[in-house]
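So the chains spell out like this:
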Amino acid sequence: MSKADLNLLHALDILIEVQSVTLAAERLETSPPSVSRLLARARDMLDDQILVRAGRGLVATERAKELQAGIRHLLAEADTLLNAHAAFDPGGLERRFTIRANDGFTGAFASGLYNILADQAPRATLRFAQEHEFDDEALREGRIDLDIGASRAMGPEVRLQTIFRDHHIALARDDHPIFSRDISPETFAAFPHISVSRRGRSTGPVDEALQKLRLTRHVPLIVPSFLIALSALAGTQLIALVPRHVLPVVRNLGMALRWFDIPLELESVVLAQAWHPRFDADPAHRFLRQCVRTVCQSFPDGFHFMK
């Protein structure tokens, strides 16, 4: 495959993603007329319009959407093949990495990961994508490079690597009445709670632990992200349960919140990074995975945060 063909596939991938000639030109650092010519070539080659007019914008055709995963697979395979015998130099890496993670992880580690890339791969771009309720195909289709979150089954072909273990703690406003007494399971369950769930769930392992003690909690507020939960604590008697690695976010934002250990026996949470095996031998992707491990190792087991 010629370099021109690879450039065309790269441009086509971006066009399908952004669905705009102008935005694609910005990403490719070229002019809109040049991208329009590339689009015309792709239409002739594939006998498909690729992008069609919808109102004032463009949308990808169904065939284009179907082709995108294959295009990204070809680009990744070509990159691995062409660079297999070349010494990898992150300093010259020009690549956009996309990581899917929740806002708790992003808030805690995005700046550290950026600093590593800015130092070692200054021409690379890092994008964090939001989690979605039902989207387990993003890795297979090449729409994201890494999926970071609680370890779970993602299909037999997906690679998983543990990056650290964590546990949940509880947060409340710093003058919350719960801090005026010993925090027992009964006290813990007596106050209203926030549930953080993209799927709208209000129950979880903490409720199972409370049931063993014949206790229940009231969950009057359900939010989709940890940062929304933190913001909702001010001026209320609500309690939020968050992973311990979210605490630096509280500190950095200067929130008037205080944390305490949950008075229940709960299992720890295993955080893992997942990727598609086609990136196993890709030196740039290996570099990204190592950067993630490095920044997460900065979160020690003995992490201290003022109560």
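Computed from a prediction, not measured in an experiment: that's the story for all the values here. (Residues numbered from 1 in each chain as written. Predicted model: local features only at pLDDT ≥ 70, side-chain atom pairs only at ≥ 80, totals over all residues. Heavy atoms only, no water.)

Undergrad: What is the right way to read the domain arrangement of the protein from this model?
TA: Many descriptions give the size of an interface as the accessible area lost when the pieces come together. For the protein, the assigned domains read domain 1 (6–83), domain 2 (96–162 + 271–298) and domain 3 (168–261). Here the C-alpha centre of domain 3 lies 28 Å away from the C-alpha centre of domain 2. Of the roughly 860 Å² buried between domain 2 and domain 3 on both sides combined, carbon and sulfur atoms contribute 57%. At the boundary of domain 2 and domain 3, one finds zero salt bridges. Summed over the shared surface of domain 2 and domain 3, the result is three residue pairs in polar contact (both at pLDDT 80 or more). Here the element with the most residues in the side of domain 2 that touches domain 3 is helix α5 (residues 103–120); it accounts for six residues. Along the lines of polarity and charge, the residues of the side of domain 2 that touches domain 3 split into five nonpolar, four polar and three charged. (Domains from an automatic or database assignment. Buried area = accessible area lost by both parts, 1.4 Å probe. Salt bridge = Lys/Arg side-chain N within 4 Å of Asp/Glu carboxyl O. Polar contact = N/O pair within 3.5 Å; in protein donor to acceptor, adjacent residues only side chain to side chain. Helix = DSSP H or I, 4+ residues; strand = E, 2+ residues; numbered from the N terminus. Nonpolar A, V, L, I, M, F, W, Y, C, P; charged D, E, K, R; others polar.)

Undergrad: Even after reading the chapter, I still don't get helix α11 (residues 283–296), so can you show me in this structure?
TA: Along an α-helix, a turn takes 3.6 residues, which lines up residues three or four apart on a common side. For α11, which comprises 14 residues, the first-to-last C-alpha distance of 20 Å matches the rise-based estimate of 20 Å (1.5 Å per residue) to within 8%. Burial analysis of α11 places ten of its 14 residues in the buried class, which makes it a mostly covered element. Of the residues making up α11, those classed as buried are P283, A284, H285, F287, L288, R289, C291, V292, V295 and C296. Looking at the buried side of α11, the elements it contacts are β3 (96–100), α5, β5 (146–150), β6 (159–166) and β12 (269–275). Between the side-chain oxygen of the N-cap and the backbone nitrogen of A284 there are 3.1 Å, and the N-cap of α11 in question is D282. (Expected span 1.5 Å × (residues − 1). Buried < 20%, exposed > 50% of the residue type's maximum accessible area, 1.4 Å probe, protein only. Contact = heavy atoms within 4.5 Å.)

Undergrad: I would appreciate a short explanation of unusual backbone geometry in the present structure.
TA: Note: most residues except glycine have negative phi, and most peptide bonds are trans. Despite not being glycine, Q19 has its phi angle at roughly 55°, a positive value. Considering the arrangement of structural elements, one finds Q19 in the loop between α1 (3–18) and α2 (21–28). Although it is not a glycine, I50 adopts a positive phi angle of roughly 65°. By the secondary structure assignment, I50 is in the loop between α3 (32–46) and β1 (51–54). Assessed through its relative accessible area of 1%, I50 is described here as buried.

Undergrad: So what exactly am I meant to see when it comes to the pairing of β1 here?
TA: Regular strands show a simple pattern: their side chains alternate between the two faces of the sheet. Pairing of β1 with strand β2 (residues 57–60), which is carried by four bridges, proceeds in the antiparallel orientation. Counted as the bridge partner of L51 is A60 from β2. Connecting the antiparallel pair β1 and β2 is a turn made up of two residues, with G55 showing a positive phi of about 70°. (Pairing = 2+ DSSP bridges.)

Undergrad: Whenever I open this one, the sheet that holds β3 confuses me. Can you help?
TA: One key point about sheets: their strands pair by backbone hydrogen bonds, in either a parallel or an antiparallel sense. Read from one edge of the open sheet, five strands run β4-β3-β5-β12-β6, paired in mixed fashion. Of all the strands in the sheet, just β4 (125–129) and β6 have a single pairing partner and so form its edges. Recorded for the sheet is a direction-independent mean angle of 20° between the axes of neighbouring strands. Two strands pair when backbone bridges link them, and β3 and β4 are joined in this way by five bridges, in the parallel orientation. For F97, the partnering residue across the bridge sits in β4 and is L126. (Axes fitted to C-alpha atoms, helices over the stretch in contact; angles between N-to-C directions.)

Undergrad: I keep staring at the nonpolar core and nothing clicks. Help me out?
TA: Note on soluble globular proteins: their nonpolar side chains tend to be buried together. In terms of nonpolar packing, the biggest core is built from 44 residues, with I99, F105, I148, I163, L171 and V292 touching the most fellow members. Per-element accounting of this core gives the leading share, seven residues, to α11. Here this core spans two domains, and each of domain 2 (96–162 + 271–298) and domain 3 (168–261) adds at least three residues to it. Those residues in contact with I148 that sit more than four places away from it in its chain are I99, R100, A101, N102, F105, E131, I163, A272, Q273 and V292. (Core = buried A, V, L, I, M, F, W, Y, C linked by side-chain atoms within 4.5 Å.)

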